[in-house]
Amino acid sequence: MRLLFSLDKKNYPIGGTVFSRPSVRAIIICSGKTAMVHSIKYNYYKFPGGGIEAGESRTEALIRETREEAGLLLLPESIQEYGYVHRIEKGELEDIFLQENYYYLCEAAPRAVPQRLDGYEAEERFTLEYVTPETAIAVNRDADHGPKDQTMLEREALVLEMLLREGLLPGNC
């Protein structure tokens, strides 16, 4: 899978302890809008997805996480690699937080199902929204997000900008 870009804060000690958390993200484009999870509490957008559990393939994690967070049922035959983002910075518990965020272009079934949110997702009131990339980028960069990590929000904005530059928007659904 191609490297889209790296986000390296260079604020961590060399040779320190490392916590690695690979994740997957679904890019679902419909009529020029992108399926995004909107945190109502902190007012930011993110692609549906999350961490890969032990023993789980990327595709399995993508299908599970998209269903849980967004209530969208991915069509497995539609899943195509888009690229990954390498993120490294000082960790909260370990010296270094390392994350590979794998993005996939995919389609979802026309009917959504109820979300299955975990504690923090329910607290933030994650809601599925189809938004223009420009809207999600502006919100992630300009709104007050309280304690949320701006690096994650900028990562999503940069991926949206790449999709626009590469002509992958608008899409079909």
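No experiment lies behind these values; they were computed from the predicted model shown.

Engineer: I would appreciate a short explanation of the pattern of salt bridges in the present structure.
Structural biologist: Between side chains of opposite charge, a pair can form when the charged atoms approach closely. Across all of its chains, the model carries 15 salt bridges by this definition. With a shortest N-O distance of 2.6 Å, E123 and K41 are connected by a salt bridge. With E123 in helix α2 (residues 119-123) and K41 in the loop between β5 (33-39) and β6 (44-46), this residue pair connects regions lying 82 residues apart in the sequence. Accessibility expressed as a relative area gives 48% for E123, which makes it partly exposed.

Engineer: When you look at helix α1 (residues 58-70) in this model, what are you seeing that I'm missing?
Structural biologist: In an α-helix there are 3.6 residues to a turn, and that puts residues three or four apart on one side. For α1, spanning 13 residues, the distance from its first C-alpha to its last is 17 Å, which sits close to the expected 18 Å at 1.5 Å a residue. Of all the residues in α1, the buried ones are A61, L62, R64, E65, T66, R67, E68, E69 and A70. Positive phi shows up at G71, right after α1, with a value of about 75°.

Engineer: In this structure, what is going on with the pairing of strand β8 (residues 80-90)? I would like to understand it.
Structural biologist: It is a general feature of regular strands that their side chains alternate between the two faces of the sheet. Where strand β1 (residues 3-8) lies against β8, five bridges are found, and the strand directions are parallel. Along β8, the bridge assignment pairs L7 with R87. Where β8 lies against strand β9 (residues 96-105), 10 bridges are found, and the strand directions are antiparallel. Bridged to G83 within β9 is Y103. Between β8 and β9, which pair antiparallel and follow one another directly, the connecting turn spans five residues.

Engineer: How should the environment of Y104 be read in this particular structure?
Structural biologist: Position of Y104 among the secondary structure elements: in strand β9. By relative accessible area, Y104 is classed as buried at 6%. With 30 residues separating them along the chain, Y104 and L74 place their C-alpha atoms 11 Å apart. Apart from the residues within four sequence positions on either side, Y104 is in contact with M1, V24, R25, A26, I27, R58, L62, I79, Q80, E81 and Y82.

The rules behind each value
- Residues numbered from 1 in each chain as written.
- Predicted model: local features only at pLDDT ≥ 70, side-chain atom pairs only at ≥ 80, totals over all residues.
- Heavy atoms only, no water.
- Salt bridge = Lys/Arg side-chain N within 4 Å of Asp/Glu carboxyl O.
- Helix = DSSP H or I, 4+ residues; strand = E, 2+ residues; numbered from the N terminus.
- Buried < 20%, exposed > 50% of the residue type's maximum accessible area, 1.4 Å probe, protein only.
- Expected span 1.5 Å × (residues − 1).
- Pairing = 2+ DSSP bridges.
- Contact = heavy atoms within 4.5 Å.

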